[in-house]
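Chain by chain, the residues run as shown.
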Amino acid sequence: MSKINVTPFFKFRQVKIVEQKVSDDLSMVLIKTVPDERYIPVCSECGTKTRSIHSYETRIVRDMNMFRTKVFIEYTYRKIRCHTCSGIKVEKLGFIDLYMRITRRFAQYIVDLCKYMTVADVAYLLEVDRKLVKRLHKEYLQSAFGKEVCSGLRVLAVDEISLKKGHNYLTIVADYETGRIVHVGRERKYKTLKGFFKKIPKRERRRIEAVCMDMWDPYIKAVTIWCPDASIVFDLFHVVQAFGKVINKVRNREYKKAFGENKDVIKGTKYILLKNRKNLKRKESRRLKELLEINKNLSTVYILKDQLKRLWKYRYKGWVIKEDLRGL
Ligand SMILES: [Zn+2]
């Protein structure tokens, strides 16, 4: 007789394995279990322990595959007379949730696969009902991203992504402190963010201290209306990008005003002015120096750009007022 035994793979508490059957073509394994009578049954609805057994019933549920072989568990469970619920209830078992046709660990496996594959792929691979996979995945998403969304948020980051270039935007809201995505909404409109804020109770919304975002009016409007206590923080990249437009405007104006040699110095300096000073080549640095020396207005906006970048490095408001503005 073979010494191979699969019992260690089915170490479920409260039950004992009594039989294992393998179909001739190896496509199916059936594991039979009965209640381990050393355990007093517990009501699956209220958790009360009772020795008052009403009857025994049997059902078959699907478990995780062993290699390519499908595994089924035929388990006998106890129905109990629960005094707390005042009725006949099913005993609670660790490996299966009430009314489920698959074991807990198989459900977890399906949910894990859904993180990497489509619902249809998972259903096909494991030969399970697509509706079941969809339901489990949805339940997982709701428990992971649904309920907790509303509580404990202090700093939010709002960003947009475009699905097609320049079209079909999605708005992503993340908890800045944990990096967890808490909301994904269609478009990048006022109502997109409004939809998110409406889900959060007013008490929780008040606790939001800051929202980091692009300089985008619909977002600003939504935060101002729905989270009036929160500070709006613009991303440094976007602010500097917007300031780049200012620099360019000043440069164009100065170019038009300039004569002769000075006009030549300003000509073709657009990117030198916008580039990070550290990234300039030696020749470009020389041109920048020359340009800032001959033109006071350009020199002023250039200093402002540097000041603007430095603002993001401060941790305390007081220091900004004391040190940075003194330099202006
Ligand atoms: Zn009960």
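Residues numbered from 1 in each chain as written. Predicted model: local features only at pLDDT ≥ 70, side-chain atom pairs only at ≥ 80, totals over all residues. Heavy atoms only, no water.

Re the overall build of the protein
Short version of the rule: Each helix is a run of H or I in the DSSP string that is no shorter than four residues. Each strand is a run of E no shorter than two, and both are numbered from the N terminus. Restricting the calculation to C-alpha atoms gives the radius of gyration, and the globule rule supplies 2.2 Å times the number of residues raised to the power 0.38. Working definition: with a 1.4 Å probe on protein chains only, accessible area under 20% of the residue-type maximum means buried, over 50% means exposed, and in between means partly exposed. Pairs of residues are marked as contacts when any of their non-hydrogen atoms sit within 4.5 Å. Using a 1.4 Å probe, the Shrake-Rupley method yields the accessible areas, and only the shown protein chains count as cover for residues. We treat Lys and Arg as the positive residues and Asp and Glu as the negative residues; His and chain ends play no part in the count. Where a charge lies is defined by one atom per residue type: Lys uses NZ, Arg uses CZ, Asp uses CG and Glu uses CD.
A count of helical and extended segments in the protein gives twelve helices and ten strands. Taking 2.2 N^0.38 as the reference for a compact globule, 328 residues should give roughly 20 Å; the C-alpha atoms of the protein span a radius of gyration of 33 Å, well beyond that estimate. Principal-axis analysis of the C-alpha atoms places the extent of the protein at approximately 100 × 50 × 35 Å. Per-residue burial over the protein gives 37% buried out of 328 residues. When contacts within the protein are restricted to residue pairs at least 6 apart in sequence, those whose partners lie at least 24 apart make up 46%. Accessible surface, the protein as shown: approximately 21,900 Å² in total, 54% of it carbon and sulfur. Between the mean site of the 72 positive side-chain charges and the mean site of the 37 negative ones, the protein shows a separation of 4 Å.

Some points on helix H1 (residues 104-114)
Residues spaced three or four apart along an α-helix point in a common direction, a consequence of the helix completing one turn every 3.6 residues. Definition in use: The directions considered for the arc are those from the helix axis to the C-beta atoms.
Taken residue by residue, H1 has Phe106, Ala107, Ile110, Val111, Leu113 and Cys114 as its buried positions. Viewed end-on, H1 has its buried residues packed into an arc of 165 degrees, placing them on one side of the element.

Re the coordination of the zinc ion
Short version of the rule: Any N, O or S atom lying within 2.8 Å of the metal counts as a donor, with the limit raised to 3.2 Å for Na, K and Ca; because water is left out of the atom set, some sites can appear incomplete. Angle rules define the geometry names used: all angles between 85 and 135 degrees makes four donors tetrahedral, while opposite donors over 155 degrees apart and all other angles between 65 and 115 make four donors square planar and six octahedral, leaving every other case irregular.
The protein atoms donating to the zinc ion are Cys43 (SG), Cys46 (SG), Cys82 (SG) and Cys85 (SG), with metal-donor distances spanning 2.2 to 2.3 Å. Seen from the zinc ion, its four donor atoms lie at angles of 101 to 115 degrees, and the figure they make is tetrahedral. For the zinc ion, the donor residues sit on a single chain with the sequence spacing C-x2-C-x35-C-x2-C. With Cys43 in the loop between strand E2 (28-35) and strand E3 (53-66) and Cys82 in strand E4 (residues 69-82), the pair connects residues that are 39 residues apart, well separated along the chain. Each member of the pair, Cys43 as well as Cys82, carries the same accessibility label: buried.

Here we look at the packing of helix H7 (residues 236-257) against helix H11 (residues 296-311)
For clarity, the cut-off: Only the stretch in contact is used when fitting a helix axis, every axis being a line fitted to C-alpha atoms; angles between N-to-C directions are given from 0 to 180 degrees. By definition in this entry, angles of less than 35 degrees are roughly parallel, angles greater than 145 are roughly antiparallel, angles of 65 to 115 are roughly perpendicular, and the rest are oblique. Nonpolar residues are Ala, Val, Leu, Ile, Met, Phe, Trp, Tyr, Cys and Pro. Charged residues are Asp, Glu, Lys and Arg, and all others, Gly as well, are polar.
One can describe the packing of H7 onto H11 by two numbers: an axis separation of 10 Å at closest approach and a directional angle of 175 degrees. Accordingly, the angle class assigned to the pair H7 and H11 is roughly antiparallel. On H11, the residues that touch Leu236, Val239, Val240, Phe243, Ile247, Val250, Arg251, Arg253, Glu254 and Lys257 of H7 are Asn297, Leu298, Val301, Leu304, Lys305, Leu308 and Lys309. Of the residues that constitute the contact of H7 with H11, the class distribution is ten nonpolar, one polar and six charged.

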